[in-house]
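Close look at the chain arrangement
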Amino acid sequence: MNDLKSLIIPDKVPRHIAIIMDGNGRWAKQKGMPRVLGHRSGVKSVREVTEAAGEIGVEYLTLYAFSTENWSRPPAEVTALMSLLVETIRGEIRDLNKNGVRLQAIGNLEALPKSSYKALLEGIEQTKNNKRLTLVLALNYSAKWEILRATRLLAEQAASGTLRPEDIDERAFENALSTRGIPDPELLIRTSGETRISNFLLWQIAYAELYFTPVFWPDFGKEQLFEAVLSYQRRERRFGKISEQLV
Ligand code: FPP
């Protein structure tokens with residue numbers, strides 16, 4: 001695994017990696033275990049990938065932990081996921097601080113169950129001075145919700161006369177999104193063989209490299225993250241230009 005890590009070019013590590021953690025349920029089913037145990041094992045991957053990202057100098061890691069659509073899962077699974085979240089955040093704060101990880105969150109956070117919301121705010125507050133890596137949890141998140149919210153915010157400012165419609169440019173729009181201040185991800189990973197974006201960071205991934213792997217999330221660890229980064233580094237990012245213009 002150290003070999004893989006040593007192949008990574010430090011200057012070309014993405015500043016921001018976003019991950020759609022998928023396949024916990026299928027991983028558990030394959031092993032004849034309840035789905036919830038898949039989510040529990042998924043927490044191990046969260047820990048390992050966060051550590052790996054810090055080791056290679058990634059500045060922002062965004063994890064899709066709960067989508068707005070996930071509320072339609074069986075109530076027992078939703079409750080279990082929420083408890084796991086509270087438990088994980090509380091249990092990890094000490095390690096996050098030890099490793100210089102700052103916790104942040106995006107999504108409709110106020111609509112989370114009170115205990116989850118409270119644990120989240122505590123985690124954010126207690127890690128706010130860490131500088132090495134920012135771990136952004138997308139919780140009760142939906143990109144369409146986020147884009148609509150930004151649009152509404154800008155429309156309100158325009159209606160009240162504090163913003164001229166002609167001043168609504170990319171920057172103004174980005175400042176109205178919940179990812180304000182966070183650079184766009186250069187690399188988006190989805191595990192479990194699904195090749196969809198599922199309402200995740202639609203605005204922010206305009207130029208992201210997409211990496212899909214058949215590995216289920218509980219089996220995704222350091223080595224798999226390094227492999228994804230190496231794949232990213234082998235690609236040529238042209239941003240609409242031709243190869244010869246890149247030098
Ligand atoms: C997708 O697997 C995973 C989720 C919906 C939840 C992800 C949550 C965790 C890894 C645990 C908590 C995370 C943190 C950050 C504390 P799935 O259930 O959709 O799997 P399936 O597609 O195989 O059913």
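It should be noted that the structure appears before, not after, this text.
The present account deals with the structure reproduced in this document. What you see is a predicted model, and the numbers here were worked out from it, not measured in a lab.

With that out of the way, let us pick up the site of the ligand. In the neighbourhood of the ligand, 19 residues make up the surrounding shell, with D22, G25, R26, R35 and R73 lying closest. R35 places a polar side-chain atom, nitrogen or oxygen, 2.9 Å from an oxygen atom of the ligand. Separating an oxygen atom of the ligand from a side-chain N or O atom of R73 is a distance of 2.7 Å. Considering the ligand on its own, with 620 Å² of exposed area, one finds that the protein chains cover 92% of that surface. Put simply, the parts of the chain that give the shell around the ligand at least two residues each are α2 (24–30), α3 (35–56) and α4 (75–98). For the shell around the ligand, the residue count by class is eight nonpolar, seven polar and four charged.

Turning our eyes to something else, we now look at the environment of F212. Tracing the backbone through its elements, the reader meets F212 in strand β6 (residues 209–212). Among residues more than four places away in sequence, those in contact with F212 are R190, E194, T195 and R196.

Moving on, we come to the sheet that holds strand β4 (residues 133–141). If you trace the six strands from one edge of the open sheet to the other, you get β3-β4-β2-β1-β5-β6, paired in parallel fashion. Single-partner strands in this sheet number two, and they are β3 (101–106) and β6. Adjacent strand axes in the sheet meet at a mean angle of 20°, parallel and antiparallel pairs treated alike. Here four bridges tie strand β5 (residues 187–190) to β6, and the two strands are oriented parallel to one another. Within β6, the position partnered with R190 by the bridge is F212. Of the strands in this sheet, β3 and β4 are in contact with helix α5 (residues 114–126), which crosses β3 at around 140°.

Note that side chains of opposite charge can pair when their charged atoms are close. In the structure shown here, the tally under the stated rule is 19 salt bridges. When the shortest N-O distance is used, the salt bridge between R15 and E59 registers 3.0 Å. Taken as a pair, R15 in the loop between α1 (2–7) and β1 (16–20) and E59 in the loop between α3 and β2 (60–67) lie far apart in primary sequence, 44 residues in all. Residue classification places R15 among the partly exposed residues on the basis of a relative accessible area of 38%. Assessed through its relative accessible area of 32%, E59 is described here as partly exposed. Across the salt bridge formed by D22 and R190, the nearest N and O atoms sit 2.9 Å from each other.

Conventions used here
Residues numbered from 1 in each chain as written. Predicted model: local features only at pLDDT ≥ 70, side-chain atom pairs only at ≥ 80, totals over all residues. Heavy atoms only, no water. Near = heavy atom within 4 Å. Polar contact = N/O pair within 3.5 Å; in protein donor to acceptor, adjacent residues only side chain to side chain. Areas by Shrake-Rupley, 256 points an atom, 1.4 Å probe, with all protein chains shown as cover. Helix = DSSP H or I, 4+ residues; strand = E, 2+ residues; numbered from the N terminus. Nonpolar A, V, L, I, M, F, W, Y, C, P; charged D, E, K, R; others polar. Contact = heavy atoms within 4.5 Å. Pairing = 2+ DSSP bridges. Axes fitted to C-alpha atoms, helices over the stretch in contact; angles between N-to-C directions. Salt bridge = Lys/Arg side-chain N within 4 Å of Asp/Glu carboxyl O. Buried < 20%, exposed > 50% of the residue type's maximum accessible area, 1.4 Å probe, protein only.

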